[in-house]
Amino acid sequence: MGELSRRAFTLAALSSLAMGPSAAAAAGQRPRAAAEMRGVWLATVSNRDWPSRPGLTAAAQRAELIAHLDRAARDRLNTVIFQVRPTADALWPSPYEPWSEYLTGTQGRSPGWDPLGTAVREAHRRGLELHAWFNPYRIANHTDLSRLAASHPARRHPDWVVPYGGKLYYNPGLPEVRAFVQKAMLDAVARYPVDAVHLDDYFYPYPVAGQTFDDDDAYDRYGGDFADRAAWRRDNINRLVKEMAAGIRKARPGTRFGISPFGVWRNASTDPRGSDTRAGVQTYDDLCADTRTWVRSHWIDYIVPQLYWNIGFAAADYAKLVDWWAAVAKGTKTHLYIGEALYKAGAAGQPSAWQDPVELSRHLTLAAGYPQVRGHVFFAAADVAADPIGAMSRVITDHYGRSAKPPR
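Small disclaimer: the values here were computed from a predicted structure and weren't measured.

Draft legend 1. Seen up close, the sheet that holds strand β1 (residues 37-42). Around the barrel, eight strands lie side by side as β1-β2-β3-β7-β8-β9-β10-β11; this closed barrel has parallel pairing. As judged from the four bridges shared by β1 and strand β2 (residues 79-85), these two strands associate in the parallel manner. Within the sheet, the bridge partner assigned to Gly 39 lies in β2 and is Thr 79. Contacts between helix α5 (residues 115-125) and the sheet are confined to β2 and β3 (129-134), with β3 contributing the most and set at about 150 degrees to the helix.

Here's what the structure looks like:
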């Protein structure tokens with residue numbers, strides 16, 4: 001679709017929101033696909049979405065988890081992306097890493113039940129897919145190794161650890177780290193019939209002003225074949241992605257592999273292949289994640305760029321980024337879903353667009369003009385439940401009148 005015709009489509013589609021789904025279809029809008037991603041992230045780090053606080057009884061934790069699954073099914077969503085390894089820990093009985101502190105308040109203490117096993121079973125009972133969400137390299141949201149469980153691999157291998165920005169990370173430049181984090185994550189895939197493995201946006205950490213990620217020793221040992229440190233770092237992350245894809249296929253054939261990166265690969269001012277944005281972070285340069293290549297090379301089954309900005313936002317316009325990502329995904333086998341910032345709807349300090357309960361619904365209307373966009377994922381479950389200004393309710397009314405299966 002040319003630029004002028006696409007712009008005309010977008011204006012018509014946005015104006016059709018007030019008509020409702022049937023009238024919009026009659027006005028010439030592209031019908032919703034029979035299969036589309038309707039996902040929600042269920043975050044456990046710092047008890048963001050679940051459990052509501054550490055130390056609840058097993059029964060109370062389970063009841064809260066079931067409530068989130070019930071809500072997703074009731075809202076005609078079809079996928080829950082459940083964070084099961086938030087900080088180099090586990091929400092299942094892992095032989096490699098300790099139980100998460102977000103369950104009991106003490107890292108390494110058993111909660112007395114199996115959250116991941118329960119989530120998979122109960123999601124499937126409700127017709128929901130369960131994607132197991134892992135953070136590959138984050139160890140802790142502090143820098144004190146002694147606060148970790150005595151059995152924690154980071155305490156046994158302090159040479160694997162890099163403190164940065166008030167947090168601890170595994171060093172992605174060490175082959176032994178890459179092998180270990182894959183083994184830890186793939187244990188869950190081997191144990192449970194998860195529908196997909198999902199990685200978030202944290203590869204090399206987001207930049208912190210005035211601080212340096214100290215991987216000098218690893219670069220001296222392994223970086224000799226690369227033009228510079230950034231190229232070596234990107235290769236480290238590329239290797240993780242390709243090796244995880246192979247490991248998933250081996251551990252449980254048919255399980256999909258998806259990643260949800262920060263929404264800007266590169267600005268066009270940095271690279272003519274980049275998006276018409278002025279973002280302060282670029283995944284290729286700052287997080288050493290070449291997300292565009294992952295899509296174009298079909299190293300992953302799906303990508304969910306976090307397009308957490310409103311339509312018309314000057315530095316990173318949602319509309320321009322949907323257009324850019326659709327062009328990247330065009331002609332590839334990698335599914336494109338859009339990550340949506342439900343958490344901004346009605347939130348204090350957000351631009352006026354986010355105070356309008358229709359903004360999020362407009363996103364889905366706009367994205368419907370791109371056949372490459374196969375659905376949306378909402379951040380996050382607590383916001384789906386609270387829905388303070390009715391933004392999620394409006395999405396459901398306007399777009400989710402009927403159930404849909406996730407794409408395969």
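Draft legend 2. Up close: the packing of helix α3 (residues 58-74) against α5. With their axes 11 Å apart at the nearest point, α3 and α5 run at an angle of 35 degrees to one another. In terms of crossing hand, the pair formed by α3 and α5 is right-handed. Contacts between α3 and α5 involve Arg 62, Leu 65, Ile 66 and Leu 69 from the former and Pro 115, Thr 118, Ala 119, Glu 122 and Ala 123 from the latter. Partitioned by chemical class, the residues of the contact of α3 with α5 number six nonpolar, one polar and two charged.

Draft legend 3. Broad picture of the packing of aromatic side chains. A complete count under the given rule lists 23 aromatic pairs for this structure. Judged by centre distance (6.1 Å) and plane angle (90 degrees), the ring pair of Trp 92 and Phe 134 falls under edge-to-face. Of this pair, Trp 92 sits in the loop between β2 and α4 (101-104) while Phe 134 sits in strand β3, placing them 42 residues apart in sequence. Given a relative accessible area of 0%, Trp 92 falls into the buried group. We classify Phe 134 as buried; its relative accessible area is 0%. Among the aromatic residues, those joined into a ring-pair cluster are Trp 41, Tyr 308, Tyr 343 and Phe 379. Over the face of the ring belonging to Tyr 202 we find Arg 138, whose NZ or CZ atom lies 5.1 Å from the ring centre. Over the face of the ring belonging to Trp 265 we find Arg 292, whose NZ or CZ atom lies 5.7 Å from the ring centre.

Cut-off values and rules
- Residues numbered from 1 in each chain as written.
- Predicted model: local features only at pLDDT ≥ 70, side-chain atom pairs only at ≥ 80, totals over all residues.
- Heavy atoms only, no water.
- Pairing = 2+ DSSP bridges.
- Helix = DSSP H or I, 4+ residues; strand = E, 2+ residues; numbered from the N terminus.
- Contact = heavy atoms within 4.5 Å.
- Axes fitted to C-alpha atoms, helices over the stretch in contact; angles between N-to-C directions.
- Left-handed = near helix turned anticlockwise from the far one by under 90°.
- Nonpolar A, V, L, I, M, F, W, Y, C, P; charged D, E, K, R; others polar.
- Phe/Tyr/Trp six-rings, centres within 6.5 Å; stacked < 30°, edge-to-face > 60°.
- Buried < 20%, exposed > 50% of the residue type's maximum accessible area, 1.4 Å probe, protein only.
- Lys NZ or Arg CZ within 6 Å of the ring centre and 35° of its normal.

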